[in-house]
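Report on the structure
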Amino acid sequence: MNPGAVYTLERGAEVLGTLTVTGAGPFAVDASFNPTPAFEPYRVLFDEDARYAHLIAQDDDPALLEQAGAIQESLLALNLVLRGDGNTGYRTFLISIEGGGASFRPLTPEEEPL
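Report on the accompanying structure. (Residues numbered from 1 in each chain as written. Predicted model: local features only at pLDDT ≥ 70, side-chain atom pairs only at ≥ 80, totals over all residues. Heavy atoms only, no water.)

**A closer look at the packing of aromatic side chains**
- Taken as a whole, this structure holds five aromatic pairs when the rule is applied.
- Here the aromatic rings of Tyr-7 and Tyr-90 are separated by 6.2 Å at their centres, their planes lie at 35 degrees, and the arrangement is tilted. Here Tyr-90 lies in strand S5 (residues 88-90) and Tyr-7 lies in strand S1 (residues 6-11), a separation of 83 residues in the sequence.
- With a relative accessible area of 3%, Tyr-7 lands in the buried category.
- The exposure class assigned to Tyr-90 is buried, which follows from its relative accessible area of 4%. (Phe/Tyr/Trp six-rings, centres within 6.5 Å; stacked < 30°, edge-to-face > 60°. Helix = DSSP H or I, 4+ residues; strand = E, 2+ residues; numbered from the N terminus. Buried < 20%, exposed > 50% of the residue type's maximum accessible area, 1.4 Å probe, protein only.)

**Details of the pairing of S1**
- Where S1 meets strand S2 (residues 14-24), six bridges bridge the pair, whose relative direction is antiparallel. Bridge pairing in S2 links Glu-10 to Val-15.
- Here S1 folds back onto S2, and the loop between the two strands holds two residues, one of which, Gly-12, carries a positive phi near 60 degrees.
- Where S1 lies against strand S4 (residues 81-83), three bridges are found, and the strand directions are antiparallel. Bridge pairing in S4 links Glu-10 to Val-81. (Pairing = 2+ DSSP bridges.)

In structure tokens form, the structure reads like this:
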């Protein structure tokens, strides 16, 4: 993943924001996140996801893990798309957004036509 690559985060015809890649590690791609007004209804879900990620990093309580999994399922159910250049990108990925930062992990190895 190239630093500086830009993806739009979309739900249907709505653009929720843009992600600009800042780096890539072995498990996730890091990016800056610039939301659009269309992101606001979803912010609370992403805030909860970030909160639980911090909690389970310090406590492996099964109830916390279950709740974090439920939040991830809710995010996946939004059917978000990460669209890159050339009308390619990802339909299946895990994403975390916290403030002006984001990280995502594609669940497919290559970008696919969208």
